[in-house]
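Structure at a glance
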Amino acid sequence: MAAPSQPQKSTYDVIVIGAGIQGSFTAYHLAQRHEDTLLLEQFLLPHSRGSSHGQSRIIRSAYPQEHYSRMMPDCFRRWQQLEAETGTTLCRQTGLVLLGLPGDPELEACRRNLGVDEVLDSTALAQRFPGFQLPAGQVAVVDSTAGVLFAGRALQAVQEVFRRHGGTLRDGEKVLHIQPGATVTVTTTVGVYKAPRLIITAGAWTGALVEQLGLRLPLQPLRIDVCYWREKQAGSAGLGSVSPCFLTLGLSQAPHGIYGLPSIEYPGLMKVCHHHGSPTDPEKRDQAPSSAPRPDIAVLSSFISSYLPGLETQPAVMETCLYTNTPDEDFILDRHPKFSNIIIGAGFSGHGFKLAPVVGKLLCELSLGEEPSYNMAHFAITRFPGVLGAAQ
């Protein structure tokens, strides 16, 4: 078989590996800064193998961690800017209900960071949002700014603007080798590319890529069950397309947190998921046998019977997604400790999509040698000891 033809252009100002939402926004910011940028994606687009596919993600101001809550106004503005640039609706405001226990530190931190005083008991919550049944002794806080991001549409929109600003996106090209140096050489299944700067945003595949650069990051890919639950009677659950999203904090019934979004993907089905999953090899994620035990479904079924009684207690549709978790669930946004012209964005831990406009800006700033717009201490590689092995 004849060797694949080499692309006409092989040298760029910067190469970004991974065209999920984080890599795409990074490339978007670089192209807007007039950097000649190559964005590489191993799968043919669009695809559902990573963490950025599907139709919906939550966007919210409510965060217990100040370093994220401070970023969210900027994120909202930049999502709106992308809507204006593409003439596409990317977000629907629905509000978000935070469910927890009175005095729970995370719930109180969210309330403080939101700047709201109101705390709802079970009666007040049922009056405002009839679909929710809150057990006695638990409370709710409402984030009225929150809503749903249309994920697949958003990913296409940011890639469209990237191309419009002169960026090059090549899909179906798996990275085989990275050779560090003053000029970084990236070899793919199709060609060889060179650039003075490289940014790696390869999701669940990041760990394997940076290992060849002597870096062992504590990244754990998880296979997440994305479940959709049918209303017992159509329209009766009060959980239609304009109902709020929700998120649990600190509840014993949901040790890793449970979140839900209104009916968008499938009419009459609400998306409710456990923020947890099974360790997986991203190369084998689609090979998981259907008969494998799924303890998260039991957790969700029990939660739904207590909190969302208008829904059936077995999922009507099940899909999968990948989370790539760090031990503390904070992101990694940093330079390689040895090769300062290689930047790494990883470990978005199932809560990074909404923050992608700012993450992309920060990775762009790091690659250009600029002072980042936000304090980066929480995202440093060095917070994990022993990550630098025998670098090549």
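Structure: see above.
Scoring rules and cut-offs
- Residues numbered from 1 in each chain as written.
- Predicted model: local features only at pLDDT ≥ 70, side-chain atom pairs only at ≥ 80, totals over all residues.
- Heavy atoms only, no water.
- Helix = DSSP H or I, 4+ residues; strand = E, 2+ residues; numbered from the N terminus.
- Rg over C-alpha atoms; globule rule 2.2 N^0.38 Å.
- Buried < 20%, exposed > 50% of the residue type's maximum accessible area, 1.4 Å probe, protein only.
- Contact = heavy atoms within 4.5 Å.
- Areas by Shrake-Rupley, 256 points an atom, 1.4 Å probe, with all protein chains shown as cover.
- Lys, Arg positive; Asp, Glu negative; His and termini not counted.
- Charge placed at Lys NZ, Arg CZ, Asp CG, Glu CD.
- Expected span 1.5 Å × (residues − 1).
- Core = buried A, V, L, I, M, F, W, Y, C linked by side-chain atoms within 4.5 Å.
- Pairing = 2+ DSSP bridges.
- Axes fitted to C-alpha atoms, helices over the stretch in contact; angles between N-to-C directions.
- Polar contact = N/O pair within 3.5 Å; in protein donor to acceptor, adjacent residues only side chain to side chain.

Describing the overall build of the protein
- Counting its secondary structure elements, the protein contains nine helices and 20 strands.
- The C-alpha atoms of the protein give a radius of gyration of 21 Å, which matches the 21 Å a tight globule of 392 residues would have.
- Along the longest, intermediate and shortest principal axes, the C-alpha atoms of the protein span 65 × 45 × 45 Å.
- Here the protein holds 392 residues, and 56% of them are scored as buried.
- A separation threshold of at least 6 residues defines the contact pool for the protein, and within that pool the share at least 24 residues apart is 74%.
- Counting every atom, the protein has about 16100 Å² of accessible surface; 50% of that belongs to carbon and sulfur.
- Across the protein, the centroid of the 32 positively charged side chains sits 4 Å from that of the 35 negatively charged ones.

Structural notes on the environment of F76
- With respect to the helices and strands, the residue F76 is situated in helix α3 (residues 72-86).
- Spatially, the C-alpha atoms of F76 and S61 are 8.8 Å apart, while their sequence positions differ by 15 residues.
- Not counting residues within four places of it along the chain, the set of residues in contact with F76 comprises I59, R60, S61 and T145.

Structural notes on helix α9 (residues 356-367)
- Spanning twelve residues, α9 covers 16 Å between terminal C-alpha atoms, matching the ideal 16 Å at 1.5 Å per step.
- The element α9 is largely enclosed, with a buried count of twelve among its twelve residues.
- Of the surrounding secondary structure, the elements contacted by the buried residues of α9 are α1 (21-32), α3, β12 (197-200), β19 (332-335) and β20 (342-346).
- Backbone geometry just after α9 places G369 at a positive phi near 75 degrees.

Re the nonpolar core
- Grouped together as the largest cluster of nonpolar side chains are 46 residues, with contacts concentrated most on I21, F25, W79, L82, F331, L333 and L355.
- Secondary structure elements with two or more residues in this core: β1 (14-17), α1, α3, α6 (151-164) and α9.
- Setting aside residues no more than four positions away along its own chain, F331 makes contact with Y68, A346, G347, F348, H351, G352, L355, V359, H378, F379 and R383.

Topic: the sheet that holds strand β10 (residues 184-188)
- Pairing in this open sheet of three strands is antiparallel, and the strands run β9-β10-β11 from one edge to the other. On the outer flanks of this sheet lie β9 (175-179) and β11 (192-195), each paired with one strand and no other. Strand-to-strand twist across the sheet, computed as the mean angle between neighbouring axes with direction ignored, equals 20 degrees.
- Bridging between β10 and β11 involves four bridges; their strand directions are antiparallel. Bridge pairing in β11 links V184 to A195.

Details of helix α4 (residues 105-114)
- Those residues of α4 not exposed but buried are L107, A109, C110, R111 and L114.
- Buried residues along α4 sit against β5 (96-100) and β6 (139-143).
- The residue sitting at the N-terminus of α4 and contributing the capping side-chain oxygen is D104; that oxygen lies 3.1 Å from the backbone nitrogen of E106.
- Taken from the residues just after α4, G115 is the one with a positive phi, measuring 75 degrees.

A word on the pairing of β5
- Across the five residues that make up β5, a large majority, five, are buried.
- Here β5 shows a buried face lined by L96, L98 and G100 and a second buried face lined by V97 and L99.
- Alignment of β5 against strand β14 (residues 245-248), held across four bridges, turns out to be parallel. Paired with V97 across the two strands is F246, which belongs to β14.

Thoughts on the sheet that holds strand β2 (residues 37-40)
- A sheet is described by the order of its strands in space; here six strands give the open sequence β8-β2-β1-β12-β20-β19, paired in mixed fashion. Each having just a single partner strand, β8 (168-170) and β19 make up the two edges of the open sheet. Across the sheet, the mean angle from the axis of one strand to that of its neighbour is 15 degrees, orientation sign disregarded.
- Relative to β2, β1 runs parallel, the two sharing four bridges. Across the sheet, the residue bridging to V14 is T37, located in β2.
- Docked against the sheet, α1 engages β1, β2 and β12, running at close to 170 degrees with respect to β2.

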